[in-house]
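What follows is the residue order along each chain.
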There are 4 protein chains.
Amino acid sequence: MTNDLPRRVLAPLEAALPDLEALYKDLHQHPELAFAEKRTAAEAARRLTGDGFEVHTGIGGTGVVGVLRNGEGPTVLLRADMDALPIEEQTGLPYASTARGVDDGNDVPVMRACGHDMHVTWLSGAARLLAADRGAWSGTLLVVFQPAEEGKSGAKAMVDDGLFDRVGRPDVAFGQHVSAAPAGWVFTRPGVIMAASETLRITLHGRGGHGSRPESTVDPVVLAASVVQKLQTVVSREIAATESAVLTVGSLHAGTAPNVIADNAVLEISTRAFDDEVMKRVHAAIERIVNAEAVAAGAPKPPTIELLGAYSVTDNDEAATAALTEVFREHFGAEATLPAPQVTGSEDFGEFGRAAGVPSVFWLVGGYDRDEVLAALNEGRFERDVPSNHSPRFAPILHPTLRAGVESLVVAALSRFDPPR
Amino acid sequence: MTNDLPRRVLAPLEAALPDLEALYKDLHQHPELAFAEKRTAAEAARRLTGDGFEVHTGIGGTGVVGVLRNGEGPTVLLRADMDALPIEEQTGLPYASTARGVDDGNDVPVMRACGHDMHVTWLSGAARLLAADRGAWSGTLLVVFQPAEEGKSGAKAMVDDGLFDRVGRPDVAFGQHVSAAPAGWVFTRPGVIMAASETLRITLHGRGGHGSRPESTVDPVVLAASVVQKLQTVVSREIAATESAVLTVGSLHAGTAPNVIADNAVLEISTRAFDDEVMKRVHAAIERIVNAEAVAAGAPKPPTIELLGAYSVTDNDEAATAALTEVFREHFGAEATLPAPQVTGSEDFGEFGRAAGVPSVFWLVGGYDRDEVLAALNEGRFERDVPSNHSPRFAPILHPTLRAGVESLVVAALSRFDPPR
Amino acid sequence: MTNDLPRRVLAPLEAALPDLEALYKDLHQHPELAFAEKRTAAEAARRLTGDGFEVHTGIGGTGVVGVLRNGEGPTVLLRADMDALPIEEQTGLPYASTARGVDDGNDVPVMRACGHDMHVTWLSGAARLLAADRGAWSGTLLVVFQPAEEGKSGAKAMVDDGLFDRVGRPDVAFGQHVSAAPAGWVFTRPGVIMAASETLRITLHGRGGHGSRPESTVDPVVLAASVVQKLQTVVSREIAATESAVLTVGSLHAGTAPNVIADNAVLEISTRAFDDEVMKRVHAAIERIVNAEAVAAGAPKPPTIELLGAYSVTDNDEAATAALTEVFREHFGAEATLPAPQVTGSEDFGEFGRAAGVPSVFWLVGGYDRDEVLAALNEGRFERDVPSNHSPRFAPILHPTLRAGVESLVVAALSRFDPPR
Amino acid sequence: MTNDLPRRVLAPLEAALPDLEALYKDLHQHPELAFAEKRTAAEAARRLTGDGFEVHTGIGGTGVVGVLRNGEGPTVLLRADMDALPIEEQTGLPYASTARGVDDGNDVPVMRACGHDMHVTWLSGAARLLAADRGAWSGTLLVVFQPAEEGKSGAKAMVDDGLFDRVGRPDVAFGQHVSAAPAGWVFTRPGVIMAASETLRITLHGRGGHGSRPESTVDPVVLAASVVQKLQTVVSREIAATESAVLTVGSLHAGTAPNVIADNAVLEISTRAFDDEVMKRVHAAIERIVNAEAVAAGAPKPPTIELLGAYSVTDNDEAATAALTEVFREHFGAEATLPAPQVTGSEDFGEFGRAAGVPSVFWLVGGYDRDEVLAALNEGRFERDVPSNHSPRFAPILHPTLRAGVESLVVAALSRFDPPR
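Criteria and cut-off values
- Residues numbered from 1 in each chain as written.
- Chains lettered and ligands numbered in written order.
- Predicted model: local features only at pLDDT ≥ 70, side-chain atom pairs only at ≥ 80, totals over all residues.
- Heavy atoms only, no water.
- Contact = heavy atoms within 4.5 Å.
- Buried area = accessible area lost by both parts, 1.4 Å probe.
- Salt bridge = Lys/Arg side-chain N within 4 Å of Asp/Glu carboxyl O.
- Polar contact = N/O pair within 3.5 Å; in protein donor to acceptor, adjacent residues only side chain to side chain.
- Helix = DSSP H or I, 4+ residues; strand = E, 2+ residues; numbered from the N terminus.
- pLDDT = per-residue confidence, 0-100.
- Pairing = 2+ DSSP bridges.
- Axes fitted to C-alpha atoms, helices over the stretch in contact; angles between N-to-C directions.
- Nonpolar A, V, L, I, M, F, W, Y, C, P; charged D, E, K, R; others polar.
- Least-squares fit on C-alpha atoms with pLDDT ≥ 70 in both.

The name recorded for chain A in an unreviewed UniProt entry is Amidohydrolase, from Amycolatopsis panacis.

## Focus: the interface of chain D and chain C
The parts lose accessible area when they come together, and the size of an interface is often stated as this lost area. Taken together, the contacts link 52 residues of chain D with 50 residues of chain C. Interface area for chain D against chain C, summed over the two sides, is near 4,600 Å², with a carbon-plus-sulfur share of 54%. Its largest share of buried area at the contact with chain C, chain D owes to His-210, Thr-256 and Pro-258 of chain D, together 13% of the area lost on that side. The tally of links between chain D and chain C comes to zero salt bridges. The interface formed by chain D and chain C contains 25 residue pairs in polar contact (both at pLDDT 80 or more). Secondary structure elements with two or more residues in the side of chain D that touches chain C: strand 10 (209-210), helix 7 (220-238), strand 11 (245-254), strand 12 (260-261), strand 13 (264-273) and strand 17 (343-346) of chain D. Broken down by element, the side of chain D that touches chain C gets its largest block of residues, eight residues, from strand 11 of chain D.

## Looking at the side chain of Gln-229 of chain D
Within the secondary structure, Gln-229 of chain D is located in helix 7. At 3.4 Å, the side chain of Gln-229 of chain D forms a polar contact with the side chain of Ser-226 of chain C. Those residues in contact with Gln-229 of chain D that lie beyond four places of it in its chain are Gln-229 of chain A, Gln-229 of chain B together with Ala-225, Ser-226 and Gln-229 of chain C.

## A few points about the confidence of the model for chain A
Counting all residues, the mean pLDDT for chain A is 95, and 100% of those residues have values of 70 or more. Note on the complex model: pTM 0.77, ipTM 0.72.

## Brief notes about the sheet that holds strand 8 (residues 186-188) of chain B
Residue and element names in this part refer to chain B. With mixed pairing, the eight strands of this open sheet are ordered in space as 1-2-6-3-7-18-8-16. The sheet is open, and its two edges are formed by strand 1 (54-59) and strand 16 (337-339), each paired on a single side. The average angle at which neighbouring strand axes cross in this sheet is 25°, direction not considered. Where strand 2 (residues 63-70) and strand 6 (residues 139-146) come together, seven bridges link them in antiparallel fashion. By the bridge assignment, Arg-69 is partnered in strand 6 with Thr-140. Contacts from helix 3 (residues 38-50) reach strand 1, strand 2 and strand 6, with the element oriented near 15° to strand 2.

## Observations concerning the sheet that holds strand 16 (residues 337-339) of chain C
Residue and element names in this part refer to chain C. Across the sheet, eight strands lie side by side as 1-2-6-3-7-18-8-16; this open sheet has mixed pairing. Each edge of the sheet is formed by a strand with only one pairing partner; in this case those strands are strand 1 (54-59) and strand 16. For this sheet, the mean angle separating the axes of adjacent strands, direction not counted, is 25°. Of the strand pairs in this sheet, strand 8 (residues 186-188) and strand 16 are connected by three bridges, and their pairing is parallel. The partner of Val-186 across the bridge, within strand 16, is Thr-337. Lying on the sheet, helix 3 (residues 38-50) is in contact with strand 1, strand 2 (63-70) and strand 6 (139-146); it crosses strand 2 at an angle near 15°. Its contacts with the sheet place helix 4 (residues 116-132) against strand 2, strand 3 (75-81), strand 6, strand 7 (172-182) and strand 18 (360-368), and it is angled at close to 150° to strand 3.

## A look at the interface of chain D and chain A
Chain D puts 15 residues into the contact, and the matching count from chain A is 15 residues. Both sides of the chain D and chain A interface together cover about 1,300 Å² of buried area, and 51% of this is carbon and sulfur. If you sort the residues of chain D by the area they bury against chain A, Gln-232, Arg-237 and Ala-241 of chain D come out on top, with a joint share of 40%. At the boundary of chain D with chain A, the tally comes to zero salt bridges. When contributions to the side of chain D that touches chain A are tallied by element, the ones reaching two or more residues are helix 7 and strand 11 of chain D. For the side of chain D that touches chain A, the element with the most residues is helix 7 of chain D, which contributes six residues. In the side of chain D that touches chain A, the residues fall into five nonpolar, nine polar and one charged.

## A word on the side chain of Ser-138 of chain C
Residue and element names in this part refer to chain C. Within the secondary structure, Ser-138 is located in the loop between helix 4 and strand 6. Within the structure, the side chain of Ser-138 is placed 2.5 Å from the backbone oxygen of Glu-72, a separation counted as a polar contact. Those residues within four positions of Ser-138 in sequence are excluded, and the remaining contacts are Asn-70, Gly-71, Glu-72, Gly-73, Pro-74, Phe-417, Asp-418, Pro-419, Pro-420 and Arg-421.

## Focus on the relation of the copies chain D and chain A
The two copies are related by a screw motion: chain D maps onto chain A through a turn of 179° and a shift of 0.1 Å along the axis, at an RMSD of 0.1 Å. Given the turn and translation reported, the copies of this chain are related as if by a two-fold rotation axis. Residue Ser-236 of chain D of chain D places its C-alpha closer to the rotation axis than any other residue of that unit, at 2.6 Å.

Encoded structure:
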């Protein structure tokens, strides 16, 4: 089964790398928060237009879709996410971000700490190569640049905004993520590859007053501390050793001055599980605990609990994943195509396949120096020395990362299209 | 001992009230944070200049001093503080503040929630009356508008900036505070009237990462929660029932997103005690706890502990207080001149007397409707219904509050000046 | 006002000291828990009988009263308490206790760690001296040996058991306590000298199971930990700096094996305050917190809260205390008659005066080497080096402690009796 | 492969059930704690002797081994554990235990809450059947009644006491456990079936004193509460979602009276993991936390940490388990031979195979009514209604539980022996 088409389509990639590197650095230096990806979307749309795609913008807010109808055959959806995070970059890179954005009304630093700049670059590169060699395949290519993956349900926003009505329904959906693993390697897994998650905002209502007179107040800082500690027991006592869940209070904010007791405290919580039933128990436990802790503290009213977002598990179609893994083995070699672990991070990529009722596959692409990663693992200093996604020091190397992620998208798409007619 | 001079000096007060009321409302609507009291200082200076004072500005940042040399005799220092707090006003008053300011680099709402607008108005009124009737007294009047009383050591800043070198040393220092008590009443106390305090900022260093992978991080939110809870034991277990201390974590900030574990958490703490030795024990306990909790959490480095400010007790001179109390009884009547309780709030007014080596007296002036206060006390709803200093609902009534505070300053000053010659 | 009668009554004291010392050591070596003071009561009764008292036993359980009707005149009640504590002695004294007793069904070590052995010895000595010189006074002497002072309401038990119906009503009640202060000194205080207190037992109901499967249980140890921490906030946040309260969880017991999650946890709590209203707030806060924490933990049912005992403040009659202080000054000298501090310990001695509707006075008698106490105070090592009441190292010196406490009772009683007729 | 021998050996089982039922009830009613299984061991030895075994007693304390040399062939070790738990039985069964025992010097209730009475009964029954039909097999049978499985390392005690030197080395070791699953079903699993565990006793040293004067003490109850809460973070924050660990503080004891602050608090902790490296991290985290919390509390000295026991994972030999599973399928049917889940409980059964350097297999045998278990699972009330091992309500049904566990041992043994010669 020698198929020369991938090699042919990918032939111009070497020459395209300087452009992709420039695109990546520009995106990295200009990160944009969820649903504010205007500059990113504009650049993606500009490139798609130039490459001959039919371009749809503003889907689900800032989403962009490029459609390339290239004869009969299957419709393949390739997706990249565009948003950045409210994190202050500490990579020290020459192209590090100093950008700021507005998050829940606050002025915050912004960084592409999850590698979505890499995703956008990969997909832009793959789209250009596939568009440039339409003789190599037959079918319809849907290129999706999604906003607001970071807990803000951008995929659902695009679907709800009529994505499939506007551009048609795919036969399969593909997505990928850069990760703290050796560059040049890809990682696949049938079944659940990424966890379900929920994002909650909880406002604990106290009663403010002078810092010297706590007896006339209900101190929301002390209440919040109690809630955070009690929430640890959800995982430590309510989840079986044979199950899995993560509950992180990512942010906690209360008060504006040392000598003033504030009126309330705000917690933002992110939870994960590899199973829906566990997720429900975690959610119920959080509600039980925050409500009761408020009573214990004598709070004037129950906490306000807002569900900011909820992602289901990312569940890779078994057959499609097996087939794709075979394709990757052939292209990258068996030594560079490895089984992915279950990842506790969450994704809303699965939404596209779920909403369309078609198989979807999501895989990981390494982005760090191979020798350094392997040495760090061997020496037990991986956690400390290899900054993971969402770290302020997250910094994929550009080569061969850029190349590998373009290749994976191209070979994945070609494996599903019909051969040229 | 019939002394008609106070009555004579105060005679124009009735007619001056509309102007003072306008000044108060203007100050209330335009609050300014510590060391940013530019508008307030400018207005105070403008009035002093108009009243014939020699005016010194920019002492200790934004401090203003008016000097009126009126013949031989003692020098009396009257002081008002000018700064506001980072609190969002909730009084619903027509002249409520909607102002914002910058606090530690953050954009925050600002409110004169501690009544310093009343203090500035009182002192402006008293200065004008004393200046208008120089025939009633002999001596030198020092009118001090101090910046940054709220934990930022504005009094010390003025002293360190050469206050007494510039304007001379007083023979006595007087200061007063509006409080949630019946308007028209004054409250005095020999000895310690207000607590010592410290203000600390503690940065707990964790190690950030993705919210789904806590095992690769040291979670500063969980560490902060543990610290806040453990700090409760300082008062509950380390202070005797026969002693007194307050430890308030007024603000706690960590993290910017629900699914990102932050690198650190910042606590701002205010402590109080009526005794220096207790204060030292509280400080030592805080250091012990935050350092050990960081070790317990596996923190990568010890917490950063910054002492932002430290106020000693406000210790009223026994003899001067006794004499002044007698003067107040004569002026306001014994039924409106009451013993003040020990107040857990802190003040840096004492710094003026301490630095000058002269007696000082600080007293309280009621600012709320008498019938309402007494009813609330009787019905056990005082704490709930009478908003205290630093509450976002703190709202003194204007009458007779304005009048009483001007009168108290004038009679206090006159009681120390020599009679006219 | 030279009154030679005290000196005359006390004359045989010197010769009686060896007997009292032997009594003290015997009592110390044979401590008995509340309501189990059989041996102690028998010895007290034996001595009273020998001294010619009319003896009543078994009042309020193990209480003993001796009555000596000696002509017309006031009736004076002198009281000592008899019970020991479930503490393992660590004094290393030759006469240290190795006794054990049964406390709530458990076999526990027992120690007279609060000095009640000294109280019994003092009162036995004073009773003998007063009985031996009936010519020195006129009136009726009531000598009360009370059981169960340590939180078990022995005074109330005696009153409820008809104490005053059986032996008549006194005109005044006196009691005293040995304390970690210089031996030979006495300490008096008008008004509240000792705190009010409550003793509570709280059973937190969880749901047991295998230690490896917490998800099928409600872990009472974790719930108890949460309750204990939250209870710290009662004092740290709900009591004003100008008030006073102590909340101690003295015992906490849960579980019988490391790998079994227990069905419940039992906390025993002792609270103190110098004010009834504060006491009520503390009680309400405890109920609020334990109930809500049980809900937060998902407990199968609310905690069981038992009030084991409640003592009011020990409130010394102002006039009687002033008179007695004068008597002590005359006898011990002004330098050895000092003002007592407010003590956070509690006492049910006040019950006798309250129930009889007569004045009562309670005072403290030092029991430690004067030079050592003063040196420890000066060198800031008092807390560490001078074991206080309830410490396993509490060990009063015998001389002059024995003598001083007998003298104080005798002069107090004589000061109230009529002179001999 | 029709093998009639098992059926033949098991033929007398039906008639033997009344005797086994009586034995089970007697053992249940007379539970004995670890290393105190004298009565149990005596009964086991008595039966083995009667059945013709060479009997060794007192191995590793109270351990009993029966040896039956029956010609050439492999040596098969069958093991049952004998000890009970310090739990108060709440089953309400007519044969419920009211026994008490001494645990760490305390008088405690005792219950066979982990089903070891069933294990002893099963093994006694199987030994008798195999001994009664020696014509059915050839080899050597080792019947091991082990003391102290519940965290006290009884298996190691037997091995260290020269078990294999005395009775020879087996070729394979088999063990089984009754569980809260349908009676008549067996459950097997290759690889790790039960977790590693550690048992720790931690004494937190405080400084005792009077309950009203916490400032002169270091309160061990508050310290213990803080430790328990902080320990929750080991699982909630330091173990990855893709790993597993359990940390249970099974017992916590401090103090003897509500108004006395104790000198120390004692925690007993049990931990579990399915991986050795995780176990080490958990252990290190516990040490880090308890030491630092003691510093945070100002403890006079570091905690005392005792390792009471440590069990490795129970790691079933892959090949031996596969073969045995096949044998069970044949005997019980495929519908009654199911894959076992990984169980978070721990076992020291693995010690026998490890020490002997031979394969071992451990499996589970259901002990509850099948319909009730399945209904409870379907209706989501399994956790609540089906009392698991170590519950005070743990109560296997006798039939067909007794029969199934005897059968499994017999067929397992026969599957390894040589056929009769």
